[in-house]
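Chains, contacts and geometry: an overview
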Amino acid sequence: MPHQPYWAPRVKQQLIWKLYETDAQGICDEELIDEVGYALLARCESFIAAVAAARGKVSCPSCGATIFHDQKPDTVLMCAECGWEMTWADFFHSFQHQQLYGADPVLDLFRSFTGGFLKARSGREKMVLIDQLIHGFHLSLLGQPTRTTGVNLIEGNYREVVHFLDSLSYGEASTSGLHDTHESWRAKINRTAEEWHDDRLKL
Ligand SMILES: [Zn+2]
């Protein structure tokens, strides 16, 4: 068996719920922040790698070398460095239907999170970055917010993730700015619910 591609899973709701619960109590739990942050970081990296693969650039699962391909199902991806190989169809199936696809605005958001998180010094700074990441949006061609990026990063179907994010705890002691981000996220979710005529997404 050749090395199988690895895609980091979406983060468990329970873990994120605990993070917001703790933050709302005014506690900056650096260990918990890092646990959530690095899980999100791994997920963002997988997302970025999956989009690159779909666009013709695969990173070898065995040694990390770059393999370019023509996106035809029968094409065999072959690593010149280590000899690893797999058909593009098999490679594609390994990440299909796993919420690992988006256009450039999402890639920019995810890249800015990974870069920023690694540079952030304080727990509060990391908390804000996590918060902005999971409350991000895919954008339409006209630049309007559409789907929440929460579904690419957190376990659950679209509606479950929307209602989960809406159930997170906020309080007087929450990290500054979090509540405003939440309110603005809610307004965008409600606007898309109207546009899509989907009352199940209304908050
Ligand atoms: Zn290789």
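Summarised in this report is the structure supplied together with it.

Cut-offs applied
Within each chain, residues carry numbers counting from 1 in the order of the written sequence. Only residues with pLDDT of at least 70 are given local features in this predicted model, and only at 80 or more are side-chain atom pairs given and counted; all residues enter the totals for whole chains, interfaces and linings. Every C-beta atom is placed from the backbone, and the number of other C-beta atoms within 10 Å of a residue's own sets its class: buried at 20 or more, exposed at 12 or fewer, partly exposed in between. Under the scheme used here, helices are H or I runs from DSSP no shorter than 4 residues and strands are E runs no shorter than 2 residues, and both carry numbers assigned from the N terminus. The directions from the helix axis to the C-beta atoms form the arc being described. Think of it this way: build a C-beta for each residue from its backbone, and any pair within 7 Å is a contact. Two strands are counted as paired when DSSP detects at least two bridges linking them. Helix axes use the C-alpha atoms of the stretch in contact, all axes being lines fitted to C-alpha atoms, and the angles between their N-to-C directions lie in the range 0 to 180 degrees. The hand of a helix crossing depends on one turn: near helix anticlockwise from the far one by less than a right angle means left-handed, and clockwise means right-handed. Just so you know the grouping, Ala, Val, Leu, Ile, Met, Phe, Trp, Tyr, Cys and Pro go in nonpolar, Asp, Glu, Lys and Arg go in charged, and all remaining residues, Gly too, go in polar.

A word on helix α7 (residues 158-166)
- Among all positions of α7, only Val161, Val162 and Leu165 are buried. Along α7, the residues classed as buried sweep out an arc of 100° about the axis, all on the same side. Facing away from the buried side of α7 by over 90 degrees, the exposed positions are Arg159 and Asp166.
- Buried residues along α7 sit in contact with α5 (123-134), β6 (145-148), α6 (150-153) and α8 (178-195).

Structural notes on the pairing of β6
- Here two bridges tie strand β5 (residues 137-139) to β6, and the two strands are oriented antiparallel to one another. Among the inter-strand pairings, phenylalanine 137 is bridged to a residue of β6, identified as threonine 148.
- Count of turn residues in the β5/β6 antiparallel hairpin: five residues, of which glycine 143 carries a positive phi of about 85°.

Points about the environment of tryptophan 7
- One can find tryptophan 7 in the segment before α1 (13-24).
- Residues tryptophan 7 and glutamine 144, 137 residues apart in the sequence, show an inter-C-alpha distance of 29 Å.
- Not counting residues up to four positions away in its chain, the partners in contact with tryptophan 7 are Ser46, Ala50, Ser94, Phe95, Gln98 and Leu100.

Digging into the packing of α1 against helix α2 (residues 30-54)
- At a minimum axis separation of 10 Å, α1 and α2 run at an interaxial angle of 145°. For the pair α1 and α2, the crossing hand works out as left-handed. Taking contact as the criterion, the partners of Leu15, Ile16, Lys18, Leu19 and Thr22 in α1 are, on α2, Leu32, Ile33, Glu35 and Val36.
- Classifying every residue of the contact of α1 with α2 gives six nonpolar, one polar and two charged.

So, the environment of leucine 141
- In this fold, leucine 141 is placed in the loop between β5 and β6.
- The spacing of leucine 141 and leucine 118 is 23 residues in sequence and 30 Å in space, taken between C-alpha atoms.

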